[in-house]
Amino acid sequence: MSKTDNLFYDVWPGLKAELPSEEHELIIAGDVSGTNTALSVYTVNSELDLIKQIYWAKANTKTIDGNFNIALDDFLELVDLQKDDISRMVLGVAGPVKDEGSRVQLTNGPQVYELQANSFGIETALINDFAANGFAIAAAGEKKIDLDFIQLKHLDGKYYEPEPHGQIGIFGPGTGCGVGALKYSSANVYEPFESEMGHIRLAADKKLINWLKKQPDLKGKIGDHPHIESIMSGPGIQRLFNYFRGWNRNKETRDFDRLVKMNDGPNFVASYAKLNDNSISKKAMDYFWTQYGLALYDVAAVTKSTGGLWIAGGVIRNNIEKVRNQPEIIDEHIEKLLMEGIDRAGTQNHLISKMPVYAITDGYLGIKGAMAAAAIPKYNKQLKVNKKKQNYDYS
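Residues numbered from 1 in each chain as written. Predicted model: local features only at pLDDT ≥ 70, side-chain atom pairs only at ≥ 80, totals over all residues. Heavy atoms only, no water.

### Quick word on the overall build of the protein chain
Logical step 1: What the protein chain contains, in helices and strands, is 13 helices and 17 strands.
Logical step 2: Relative to its full complement of 395 residues, the protein chain shows a buried share of 51%.
Logical step 3: Counted over contacts in the protein chain with a minimum sequence separation of 6, partners at least 24 positions apart contribute 67%.
Logical step 4: Carbon and sulfur atoms provide 47% of the accessible area of the protein chain, an area that totals close to 18900 Å². (Helix = DSSP H or I, 4+ residues; strand = E, 2+ residues; numbered from the N terminus. Buried < 20%, exposed > 50% of the residue type's maximum accessible area, 1.4 Å probe, protein only. Contact = heavy atoms within 4.5 Å. Areas by Shrake-Rupley, 256 points an atom, 1.4 Å probe, with all protein chains shown as cover.)

Structure representation (structure tokens):
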């Protein structure tokens, strides 16, 4: 066994998957976030009419302890494959990609560390996680992959259609706050581009701004003014709860403190808010969803998302359904708060209030995007691919 026994705690479908014939190739798709690292093996045939997931496994990013190479070795050992069996690997990573895709820095994990594309012994492309999300959305639009999502209803009660080849905006609070976009190019293909819009200055009341500046966990991270990620994220939900609780001490605050220690504070606040109207959690989450809607308006305005505004990330995935895994039952209160921000926020609401809005509920979004980038030639051509010490530009 490698240095990190049992690193991958969640494995599908086990070790008895049927390997493909020689006419197929194997690719690895990965989704590396500050919370979890998921890797999957797909088999792809030469005609691209069969893209099949044969293995999937997830590890806690904290247990990787900054060494993705060990995690990759553990994964290959787990699925009984060698590096030479893999044609290529694409990793979507939650952090800025540097040096033409040769390295990426994971910024919202338990520690800051870099992934070096030429260190894995596999032909590898590193892409930002929201570029991966973009590839998934583009591939789903072309019916290349399946993607689970819900379209949200505007305040006028209508669902609007996307403009063909219109620009697409993506907003995704989760462990951090990611923003991305897709633009249809002269090559007749959607191309994702990255953004650091999650770090624009937060527009909020002065009391909250001053309170955030004093928080120890934000020290050295926000400069002289908090950014929207300060509240638009899982950790941001915890901060809002602490802001609204003040000096209150009751069963709700005690349960919150206990679950924060178990890294489950945001889920507690979101769940408690749905069940208890007169609670600190309810006040915090209503403020959160209101600010979320205003941020969506900003993303739609900046990206001119006539091709659709897509909402990603764990926060929306875990909360937009009133009953988990029943997409036909939307939480109408959350939907209303989001759409009030989108439809009423500013001078461009005549345009933005008619943009289709989609909430992604697919837990494999990042993996599917990395897979699409690795398997589909017109997406793969956009990548900078590294193999050991050699660089390949497929464009």
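After that view of the structure, there is still more to cover.
### A short note on the sheet that holds strand β13 (residues 190-195)
Logical step 1: What the six strands build is an open sheet, ordered β10-β15-β14-β11-β12-β13; its pairing is mixed. Strands at the two margins of the open sheet, each flanked by one partner only, are β10 (149-152) and β13. Taken over all neighbouring pairs, the strand axes of this sheet differ in orientation by 25 degrees on average, direction set aside.
Logical step 2: Of the strand pairs in this sheet, strand β14 (residues 308-311) and strand β15 (residues 357-360) are connected by three bridges, and their pairing is parallel. When the bridges of β15 are listed, Ile311 appears paired with Ala359. (Pairing = 2+ DSSP bridges. Axes fitted to C-alpha atoms, helices over the stretch in contact; angles between N-to-C directions.)

### A short note on the packing of aromatic side chains
Logical step 1: One pass over the structure, following the stated rule, counts 17 aromatic pairs.
Logical step 2: Their ring planes at 70 degrees and their centres at 5.5 Å tell us that Trp56 and Tyr364 sit as a pair that is edge-to-face. Separated by 308 residues along the polypeptide, Trp56 in strand β4 (residues 51-60) and Tyr364 in the loop between β15 and α12 (365-375) bring together distant segments of the chain.
Logical step 3: Judged by its relative accessible area of 9%, Trp56 falls in the buried class.
Logical step 4: Following the ring pairs from residue to residue traces out a cluster consisting of Phe171, Phe288, Trp289 and Tyr292. (Phe/Tyr/Trp six-rings, centres within 6.5 Å; stacked < 30°, edge-to-face > 60°.)

### Concerning the pairing of strand β9 (residues 124-128)
Logical step 1: Burial analysis of β9 places five of its five residues in the buried class, which makes it a mostly covered element.
Logical step 2: Residue alternation in β9 divides its side chains into two sets, Thr124, Leu126 and Asn128 and Ala125 and Ile127, and both sets are buried.
Logical step 3: The sheet contact formed by strand β5 (residues 86-93) and β9 spans five bridges and is parallel. Looking at β9, one finds that Val93 is bridged to Asn128.

### Quick notes on the layout of surface pockets
Logical step 1: Roughly 420 Å³ of internal volume is contained in the second largest pocket.
Logical step 2: Lining the second largest pocket are 20 residues, and of these Ile137, Ala140, Gly141, Glu142 and Trp310 sit closest to its centre.
Logical step 3: At four residues, helix α3 (residues 129-141) tops the list of elements feeding residues into the lining of the second largest pocket.
Logical step 4: When its residues are assigned to classes, the lining of the second largest pocket shows 13 nonpolar, three polar and four charged. (1 Å grid on protein atoms, 1.4 Å probe; cavity = no way out; pocket = protein on both sides within 12 Å on 5 of 7 lines; lining within 4 Å. Points joined across faces, edges and corners; volume = space filled by probe spheres on them. Nonpolar A, V, L, I, M, F, W, Y, C, P; charged D, E, K, R; others polar.)

### Let's talk about the nonpolar core
Logical step 1: Counting residues in each nonpolar core, the largest one holds 52 residues, and the members touching the most others are Leu152, Phe171, Phe288, Trp289, Tyr292 and Leu338.
Logical step 2: Counting residues per element, this core draws most heavily on helix α8 (residues 280-303), at 12 residues.
Logical step 3: Beyond its immediate chain neighbours, meaning those up to four positions away, Leu152 contacts Tyr159, Ile311, Ile320, Ile330, Glu335, Leu338, Met339, Val357 and Ala359.
Logical step 4: If you look at the next biggest cluster of nonpolar residues, it comprises 41 residues, including Ile27, Ala125, Ala372 and Val385. (Core = buried A, V, L, I, M, F, W, Y, C linked by side-chain atoms within 4.5 Å.)

### Side note on the side chain of Lys368
Logical step 1: Here Lys368 lies in helix α12.
Logical step 2: For Lys368, a relative accessible area of 16% translates into the label buried.
Logical step 3: Residues within four places of Lys368 in sequence aside, it is in contact with Tyr42, Ala136, Ile145, Asp146, Leu147 and Asp362.

### Description of helix α7 (residues 265-275)
Logical step 1: Within α7 the residues assigned to the buried category are Gly265, Pro266, Phe268, Val269, Ala270 and Ala273.
Logical step 2: The inward-facing, buried residues of α7 contact α5 (234-245), α6 (251-261), α8 and α9 (314-319).

### A look at the packing of α5 against α7
Logical step 1: Put simply, α5 and α7 touch, their axes get as near as 8 Å, and they point 60 degrees apart. Handedness of the crossing formed by α5 with α7: left-handed. Packed against α5, whose contacting residues are Gly234, Ile237, Gln238 and Phe241, the element α7 presents Gly265, Pro266 and Val269 at the interface.
Logical step 2: Its residues assigned to classes, the contact of α5 with α7 shows four nonpolar, three polar and no charged. (Left-handed = near helix turned anticlockwise from the far one by under 90°.)

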